[in-house]
Amino acid sequence: LATATDVVKYWQKVFETNGIPEARESSEYILAFVLGAKTFQSLNSKSLHTPLTAAQQEQIQQLSNKRLERMPVQYVLGEWDFQDLTLKMRPPVFIPRPETEDLVSLVVEEESQKCEKNSGLCFPVSVPRPVILEIGCGSGAIALSLLCKLPQSRVIAVDKEKAAVDLTRENAHRLQLQERIHILHHDVSYNSAKQLLLWGPTDFIVSNPPYVFHEDMASLDAEIVRYEDLDALDGGDDGMRVIKTILALAPSLLKDSGSVFLEVDPKHPNMVENWLQAHPNLLLVLRAIHKDFCGK
């Protein structure tokens, strides 16, 4: 009779033989999911050595067959964790990457610093209720994390793909955050300002826009090319197609003290700085560059 440990080893071998990346992790995630655990490491010794039922083995087989087709594990399982939230995942909606959690942390840090500044003032200041705009919301990972971390905040989340808008809406409802988020199906362009000012000027614009240089699209993994929305990755020849639109819109969307937070390619900070210098009328200043936990 096959136990969890046997099955993980078996599928790891099958994945390795078929050249599936992260064979061991893939096998462990699938098995943990079927046993109702988050990670393989969190399973106790009893779970690992109890024989699996026929139904469990059948489910593992079905999920593993999807992984053999190079489907990303996040889509295979249909859910994934981001920050402390479990989000539904569905192809072709962009899968949130772990380094994007750093982007959320930076916004939260900036907002808490603003609050500290205000609390130092002698006269009473009303509790800030920041309005945040997220451009390209995908599964809702960034928007919904910010709503959880900043309980006073409200978010306007925008995506040009209906599948993304629907998934963000579903995740917002599952987390009971739908009252504080407005989700728009809209392709942001240079004349989008009116549609995006639903709740007045915004405190933050946050985006993980498509920023891959078009020439680099050819070298993406099979998992991405076959299943994810490539429009969510392709930033055009200079990788800045959407970045430029966001920066050009920012002055008409932000409060005077507002900030833009973008996840970009390591080559972009200099390019962004040069572009802003060439467009002084936008009155935007590149204030800080942060590396993610991968050092990029």
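Before any of the text, the structure's been laid out above.
Residues numbered from 1 in each chain as written. Predicted model: local features only at pLDDT ≥ 70, side-chain atom pairs only at ≥ 80, totals over all residues. Heavy atoms only, no water.

K.L.:
I tried to follow the side chain of Asp203 on my own but got confused; where do I start?
P.N.:
Among the structural elements, Asp203 can be located in strand E6 (residues 202-207). Leave out the neighbours within four places in its chain, and Asp203 touches Lys114, Arg129, Pro130, Val131, Leu254, Lys255, Gly258 and Ser259. (Helix = DSSP H or I, 4+ residues; strand = E, 2+ residues; numbered from the N terminus. Contact = heavy atoms within 4.5 Å.)

K.L.:
I keep staring at the environment of Leu52 and nothing clicks. Help me out?
P.N.:
Considering the arrangement of structural elements, one finds Leu52 in the loop between helix H3 (45-49) and helix H4 (54-68). Excluding residues that lie within four positions of it along the chain, Leu52 makes contacts with Ala2, Thr3, Ala4, Val7, Leu31, Leu35, Gln57 and Ile60.

K.L.:
Teacher, can you tell me more about the packing of aromatic side chains here?
P.N.:
The description of an aromatic ring pair uses the distance of the two centres, along with the angle that the planes make with each other. This structure, assessed with the given rule, holds four aromatic pairs. Summarising the aromatic geometry, the rings of Trp11 and Phe15 are spaced 5.9 Å apart at their centres and angled 40° between planes, so their arrangement reads as tilted. Separated by four residues within a single helix, Trp11 and Phe15 lie in helix H1 (residues 4-17), roughly one turn from each other. The same class applies to Trp11 as to Phe15, namely buried. Here the aromatic cluster, defined as three or more aromatic residues joined through ring pairs, consists of Tyr10, Trp11 and Phe15. If you follow Arg154 out to its NZ or CZ, it ends over the ring of Trp199, 4.9 Å from the centre. (Phe/Tyr/Trp six-rings, centres within 6.5 Å; stacked < 30°, edge-to-face > 60°. Buried < 20%, exposed > 50% of the residue type's maximum accessible area, 1.4 Å probe, protein only. Lys NZ or Arg CZ within 6 Å of the ring centre and 35° of its normal.)

K.L.:
I'm lost on the sheet that holds strand E3 (residues 131-135) in this one. Help?
P.N.:
Whether parallel or antiparallel, the strands of a sheet pair through hydrogen bonds between backbone atoms. Judged by pairing direction, the sheet is parallel, and its five strands sit side by side in the order E5-E4-E3-E6-E7 without closing on themselves. For this open sheet the edge positions go to strand E5 (181-185) and strand E7 (254-262), each flanked by a neighbour on one side alone. Taking the axes of each pair of neighbouring strands and ignoring which way they run, one obtains an average angle of 15° across the sheet. Contacting strand E4 (154-159) and E5, helix H8 (residues 162-174) crosses the sheet at an angle of about 165° to E5. (Pairing = 2+ DSSP bridges. Axes fitted to C-alpha atoms, helices over the stretch in contact; angles between N-to-C directions.)

K.L.:
Where do I start with the environment of Leu87 in this structure?
P.N.:
Among the secondary structure elements, Leu87 is positioned in strand E2 (residues 85-88). Note on Leu87: relative accessible area 0%, which makes it buried. It is 13 Å that separates the C-alpha atoms of Leu87 and Asp166, two residues lying 79 residues apart in sequence. Excluding its chain neighbours within four sequence positions, the residues that come into contact with Leu87 are Gly78, Glu79, Trp80, Phe82, Ser139, Ala141, Leu144, Asn171, Arg174 and Leu175.

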